[in-house]
Structure formats: structure tokens, C-alpha cells
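Commentary on secondary and tertiary structure
Each chain is listed here by its residues.
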Amino acid sequence: MSTGSGSHDGAGTTLPYTDTASGTADLVESTSTETGPVILVLDASGSMVRETRAGRSRMQDAQEAMTDAIAMLPDDSEVGMLVFGTGTGNDDSERAAGCQDVKTLQELGPIDRKALSNAVDSVAASGFTPLGPSMRTAASLLPADGPGTIVVVSDGVDTCSPPPACEVASELRSVNPQLTIHAVGFAIDDDEAAQQQLECIGRVGGGGYVSAANVQQVSSRIARAGGTDTAAMLSD
């Protein structure tokens, strides 16, 4: 089992780093000193229609978790939200369009919990997984030379490479070293490729990667990456 070093999000709280081999919580060093504005990125690709439990899809659980996380974010947060995978199906004939399918659900601004929650509720999963393009779009909404945070919630690998999503995260971080990218993997315990890719995004993005298996874990990890101290909630 591996061990890690302390990681801190912008609010000074520790962000857990999941060792995908052992399933134990490690910590990864983050060089960020503050969270800054936050862009939440939600995966609505076709794989999100899969069931996690009787009568519930991954998408439904992710929507519930995102809504719960929004409720926990600090009142003075600046928050925006993107979604990918809602504009096409996931047939190869739609790949070109699907790999550009990133939609702004809520422009960056003072947190509006009602508007964000309503936007989340409107999402229907169907398409591809353009992780790289979604991070580029998110970064374009944040300050070009100041602190900012991207939180990506996904259940699978980027289906729109090249370039690899990890390479995109590294590029964005090199352009703005004050940018922090966190990745939250949802229901991907058996997908080693997805774990490795999301882990890499968090590492080179200056943030961290966490794996979450249920609604409570997802919501607490999103909120923590966004600047909320939810240490008590992360003891599961």
C-alpha cells in the first residue's frame, strides 16, 4: 500500500488522493494557495445511463451528488458549471460533433444554488466523453493568470483523444500555474484505464484524484475540492 504527502485545496483543507491499486486514501501535494473561482464539469456521456443500484442510474446519482455539493459550497463562492455528452448519441458517426459537445450550464458568477441545481436536474446523458475539450472550456472561463479551480466528475475514459486528457491538463496548468484541476471518479472501481487517466489529470493539474462509490462520497469530494472543509464527511 502506498503512502502520500499532504494536499491542500484553496481553502486550506486537505484533499484526499485515492491509490487506485489499493483503494486506500493517500494525499497528493498541491501547490495552490487558494481556490479562486470554481468551474464544475459534469460527465453526461452515454455510460452514465448505467445502473448503480435498483432503479437508479449513474446520472441520477451524480445529479443528486452535484446538487448536494452545491448546497455545501461557501456562500461567497464564484461558481460556474459545464456539462459534456448531452448533445449527441455515442455512435461513431456522431464522434466529430460529440467530441465538441461541451455546454455551459451556468456562467461563472456568484453562487446561485437554485439556478445551478435546476441546471443539473435538466441534464440527460447520451454522448461522448470529451474530457480534454471540457477542461479547455472550463479554463477559458476562469482568470487567465490568477487562481481558479476545475472539478471534473466522470465515470470513464476520454473517448475523444488525441490529445490525451492528461496532456491537456498539464498544458493548462503550465499556462496558468495558479490553476488547480481536481478529478472525481464515480463508480469506476473496475475500470483501470479510467482510474489511471483521472488520477493523472489530478496529479498534473496540481490538485488530486478521488474515487467515489456513492452519492455521499461524490458530493463531499466535490464540495471539498471546491473549497469546503468536509473532513468529517471524508472519513468513510
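Every residue gets a number counted from 1 within its own chain, in the order that chain's sequence is written. Whole-chain, interface and lining totals are the exception, using all residues; otherwise, since this is a predicted model, local features are given only for residues with pLDDT of at least 70 and side-chain atom pairs are given and counted only at 80 or more. Excluded from the side-chain calculation are hydrogens and water; included are all heavy atoms of the structure.

1. Looking at the environment of Gly205
A helix here means a DSSP run of H or I that spans at least four residues, while a strand means a run of E at least two residues long, and both kinds are numbered starting from the N terminus. Assignment of secondary structure puts Gly205 in the loop between α6 (192–204) and β10 (206–212). Partly exposed residues are those whose accessible area sits between 20% and 50% of the maximum for their type, while under 20% is buried and over 50% is exposed, using a 1.4 Å probe and protein chains only. On the basis of relative accessible area, Gly205 is assigned to the buried category, the value being 0%. The contact rule is simple, with two residues in contact once any of their heavy atoms fall within 4.5 Å. With residues up to four places along the chain from it excluded, the contact list for Gly205 reads Arg173, Leu179, Thr180, Ile181 and Cys200.

2. Description of the confidence of the model for the chain
Averaged over the chain, the pLDDT score is 81; the fraction of residues at 70 or greater is 81%. Put simply, strand β2 (residues 25–27) is where the chain has its lowest mean pLDDT, 31, and helix α4 (residues 131–141) is where it has its highest, 97. A score from 0 to 100, pLDDT tells how confident the predictor is in each residue. Within the model, pLDDT remains below 50 along residues 1–33, and this stretch shows 86 contacts once partners closer than five positions in the same chain are excluded. A low-confidence stretch, residues 230–236 (pLDDT under 50), is modelled with 13 contacts involving residues beyond four sequence positions or located in other chains.

3. Observations concerning the packing of helix α5 (residues 165–175) against α6
Angle between the axes and distance between the axes are the two parameters that describe a pair of packed helices. Each axis is a line fitted through C-alpha atoms, and for a helix only the stretch in contact is used; angles between axes span 0 to 180 degrees, taken between their N-to-C directions. Between α5 and α6, the shortest axis-to-axis distance is 8 Å and the interhelical angle comes to 10°. If you check the angle between α5 and α6, you find them roughly parallel. Side by side, α5 and α6 meet where Ala165, Cys166, Ala169, Ser170 and Arg173 of the first sit next to Gln197, Cys200, Ile201 and Val204 of the second. Gly falls in the polar group here, along with every residue not listed as nonpolar (Ala, Val, Leu, Ile, Met, Phe, Trp, Tyr, Cys, Pro) or charged (Asp, Glu, Lys, Arg). Within the contact of α5 with α6, the residues separate by chemical class into six nonpolar, two polar and one charged. Angles below 35 degrees are treated as roughly parallel, those above 145 as roughly antiparallel, those between 65 and 115 as roughly perpendicular, and all remaining angles as oblique.

4. Comments concerning helix α7 (residues 215–225)
Burial of α7 is extensive: ten of the eleven residues sit out of reach of the surface. Considered for burial, the residues of α7 that qualify are Val215, Gln217, Val218, Ser219, Ser220, Arg221, Ile222, Ala223, Arg224 and Ala225. Trailing α7 by a residue or two, Gly227 shows a phi angle of about 115°, which is positive.

5. Some details on the environment of Pro163
By the element assignment, Pro163 lies in the loop between β8 (148–154) and α5. Judged by relative accessible area, which is 34%, Pro163 ranks as partly exposed. In the structure, Pro163 is positioned 30 residues away from Pro133 in sequence and 9.6 Å away in space, judged by C-alpha atoms. Beyond its immediate sequence surroundings of up to four residues, Pro163 is in contact with Arg136, Asp158 and Val168.

6. Let's talk about unusual backbone geometry
A cis geometry characterises the amide bond from Ser161 onward to Pro162, with omega recorded as 0°. Its place among the elements puts Pro162 in the loop between β8 and α5. Following Pro162, the chain continues to Pro163 via a peptide bond in cis, the omega torsion being -5°. A positive phi angle, near 55°, is found at Ala187, a position not held by glycine.

7. What about the pairing of strand β3 (residues 38–43)?
Look at any regular strand and the pattern is simple: side chains alternate between the two faces of the sheet. Across the six residues of β3, six count as buried, placing the element largely inside the fold. Every second residue of β3 is oriented toward a common face, with Val38, Leu40 and Leu42 on one face and Ile39, Val41 and Asp43 on the other, all of them buried. Any two strands are treated as partners once DSSP identifies two or more bridges connecting them. Of the pairings in the sheet, the one linking β3 to strand β6 (residues 78–84) comprises six bridges and is parallel in character. Bridging from a neighbouring strand, Val38 pairs with Val79 of β6.

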